[in-house]
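Letter by letter, the chains look like this.
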Amino acid sequence: METSTPRVGRRRRAPAAGYEESVRQTPDPPIYKALLTRWEEDGRTVPGQRDPEWSRIASSPIWPTGPLFGGG
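In short, a report on the structure. (Residues numbered from 1 in each chain as written. Predicted model: local features only at pLDDT ≥ 70, side-chain atom pairs only at ≥ 80, totals over all residues. Heavy atoms only, no water.)

1. A short note on the overall build of the chain
Broken down by element type, the chain carries two helices and zero strands. Accessible surface for the chain amounts to roughly 8000 Å². Of this, 55% is attributable to carbon and sulfur atoms. (Helix = DSSP H or I, 4+ residues; strand = E, 2+ residues; numbered from the N terminus. Areas by Shrake-Rupley, 256 points an atom, 1.4 Å probe, with all protein chains shown as cover.)

Here it is as structure tokens:
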């Protein structure tokens, strides 16, 4: 059945005042904690911590400079 009004998609209702979704926080299993500890010891990036290599790359100039690239 077709109607004359166009459909634009579903819309979510706003939550009722004072209502908050609860997300159950469960502790990490011991094997996961051991893996994260191992990664940290190896100098790897782990969830929840900054990645120093990415920070260095992201803060680098867009265009390379220096004698190899014809810059100063």
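2. Looking at the pattern of salt bridges
Under the defined criterion, the tally for this structure stands at one salt bridge. Between Asp42 and Arg38 there is a salt bridge, with its nearest N and O atoms 3.7 Å apart. Under the relative-accessibility criterion, Arg38 is labelled exposed at 53%. (Salt bridge = Lys/Arg side-chain N within 4 Å of Asp/Glu carboxyl O. Buried < 20%, exposed > 50% of the residue type's maximum accessible area, 1.4 Å probe, protein only.)

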